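Listed below, chain by chain, are the residues.
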Amino acid sequence: MPRKGQDKEKAPIDVVEIDSSDDEATIVVDAGGHRNLNNSNNNIYKPINDAQLQLRAPKLENPVVLAPPDSNYQPLDTRSFWKAGAYEIGPSKYSYIQGDLEHARVHPKFLHSNATSHKWAFGAIAELLDNAVDEIENGATFVKVDRIYNKKDNSPALLFQDDGGGMNPESIRKCMSLGYSSKTSNTTIGQYGNGFKTSTMRLGADVIVFSRASQSGRATQSIGLLSYTFLRRTGHDDVVVPMIDFDISDHWAEPIIYSSHNDWSANLKTILDWSPFSSKDDLMLQFEDIGSHGTKIIIYNLWLNDEGIYELNFDEDDEDIRLRDEANRGSLLKPTKQVIELQSHISYRIRYSLRAYASILYLRKFMKFKILLRGKAVEQFDIAADLKHPETIFYRPQLAGATKEVSVSTILGFNKEAPSIAVSGFNVYHKNRLIRPFWKVTADGSSRGNGVVGVLEANFIEPAHDKQDFERSSLFLKLEMRLKQMIFDYWKGHCHLIGYQPERSRLHNVESKSAVSSRSEVAGMQKHMQTGKSMHEQPLVIDLSNESFEEERSTEPPSKVASIDQLCEENIQLFMRCEEYGQKENELKRTIEELEEELAETRMKCTKLSLHLETQRRQKLVEQQMDCT
């Protein structure tokens, strides 16, 4: 729509010429939103074919110079997602006209920076799956994820298609605008109105959406194009989303015109120039497999990794989509038996396999809904049902202002491969959707909690925007502390079931050995004191041999080295015993000093006595000599 006050100043517009006849009709929507059939003879509408459209770009006040049609469809120079936003922003083409209401403008660069909230490509795919799952309440029975090919350059594209309620013209505009969400249900996952934009732009530079809906007796089909390539190549400094709509209530497609034929035709031309489709007929063919309602999303110009290869790997497994970099990272490890077992576990496979990730993405199994990944249904995996020695623990968070007490059940148990595979952590869901998989709340290297896996649904805390973590609120921190306590308590009561020694038995052994060692040391000192040698001539010896101090290693399974946690406990016990020996040593030193003082006094007495005896002996000898004379 032209800006207010601009009509008098702008250059003449080249009118889009449309060959017309008496039996052609077009739906025009007036300012009040009423549909009017523009047909002088009220005859049946004939769809406009491509040969009848002679389109020329309108000459605006600040024209955007478009490249010729043959060179329009060129990808960006930088195909790596993390580098695609690094470009200089030129001067704005927007000029303020007196009388206009100034407003904030969203630069195309924001599309990229906004998408960087998804560090992980599978997190972006999960957002699009969430949208389809939310459509279950509107009758959706499947969502299809597959690779297709762009007809213009034969490059791979990513397809998402569902048979939900679809989007009417108003809904698709809200979907493709920024920050709008109409989801208010307590069961739906999306809430920020940002997921579609961030997820599609994270996976590829461009996306085209086809949607059919039927509401209030009116059936429509709409096409929208969100193209980062188009905005970058044409130098736009505002996000422009070309859209066209059709009314199909009478079983043929009648263009819905909101302002003028010129605007509608310009939108169509832009979509054809910058999408994988070259004609209006090609666009219409995309609705054939949608049915009476549903949505089809095609993401193309997929991002490459730093090596110039597609980030998504479609070739390694015909029934899966894999993350190339994550899969290659595992191949760098030495293929030992333990590494192979770890890589086969679900906690490792979700890093690079979309099929594995989608299998645990939703807590409750679907009754009448399927995720079809490359033509094969994803089999949902119940983590809780796969645990050994499961136990249910209830947690009641203290919610401010809550009128009803909330009780959260947490299922704890050992993974079935424990203790050979020490995978542990909590799988935390929010409104049925996995947010944090295998979240390890214990310290790295700790043996306590090895193999313990938990599952819970925490609807009382809010997920972050990328739905891969939670907001760091006080409730979240309290939950983290409670989960840590849960895992320690469970470990104490159940670790012996998988070959670990309980801590009570271990501490009893330590105390017993400590008592025996202390008694032997006292007996040795007493024996030493009974010898005729003085204490300062004999060194003080305290037995610190491994036999008297070494703690039992049976707390670890056979063939396993003592963990850091056990070593810490041993160090604490040793420290306490060292303190005891330090006190004993000080007492012994004081005893030695006292004895040395007594010995010195005794020696002095002995010397005095000897002198006295010697004096008396001499006096006696003198007296005897005098008597003789």
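What you see is a predicted model; the values in this text were computed from it and never measured. (Residues numbered from 1 in each chain as written. Predicted model: local features only at pLDDT ≥ 70, side-chain atom pairs only at ≥ 80, totals over all residues. Heavy atoms only, no water.)

Engineer: Tell me about the pairing of strand β5 (residues 142-149), and name the residues and values.
Structural biologist: One ladder, built from four bridges, connects β5 with strand β14 (residues 370-373); its direction is parallel. From the neighbouring strand, Val 145 faces β14, where its bridge partner is Leu 373. Pairing geometry for β5 and strand β6 (residues 156-162), over seven bridges, is antiparallel. Residue pairing across strands places Val 143 opposite Asp 162, the latter belonging to β6. If you look at the hairpin formed by β5 and β6, you'll find six residues sitting between the two strands, and Asn 154 has a positive phi there, around 60°. (Pairing = 2+ DSSP bridges. Helix = DSSP H or I, 4+ residues; strand = E, 2+ residues; numbered from the N terminus.)

Engineer: Please give an account of the sheet that holds strand β20 (residues 452-457) that cites residues and values.
Structural biologist: Strand order across the open sheet formed by five strands is β16-β17-β20-β18-β19, with mixed pairing between neighbours. The open sheet terminates on both sides in strands that have one partner only, identified here as β16 (387-395) and β19 (433-439). Strand-to-strand, the axes of this sheet are offset by a mean angle of 15°, without reference to chain direction. Pairing between β16 and strand β17 (residues 408-415): seven bridges, direction antiparallel. Note on β17: the bridge partner recorded for Thr 392 is Ile 411. In the packing of helix α13 (residues 474-494) onto the sheet, contacts are made with β16, β17, β18 (425-430), β19 and β20, and the angle to β16 comes to roughly 135°. (Axes fitted to C-alpha atoms, helices over the stretch in contact; angles between N-to-C directions. Contact = heavy atoms within 4.5 Å.)

Engineer: I'd like to hear about the environment of Met 201, residue by residue, with values.
Structural biologist: Considering the arrangement of structural elements, one finds Met 201 in helix α5 (residues 195-203). For the pair formed by Met 201 and Leu 302, sequence separation is 101 residues and the distance between their alpha carbons is 9.2 Å. Setting aside anything within four residues of it in sequence, one finds Met 201 in contact with Phe 81, Leu 111, Ala 115, Asp 206, Val 207, Leu 226, Tyr 228 and Trp 303.

Functional significance is not addressed by these values, which are geometric in nature.
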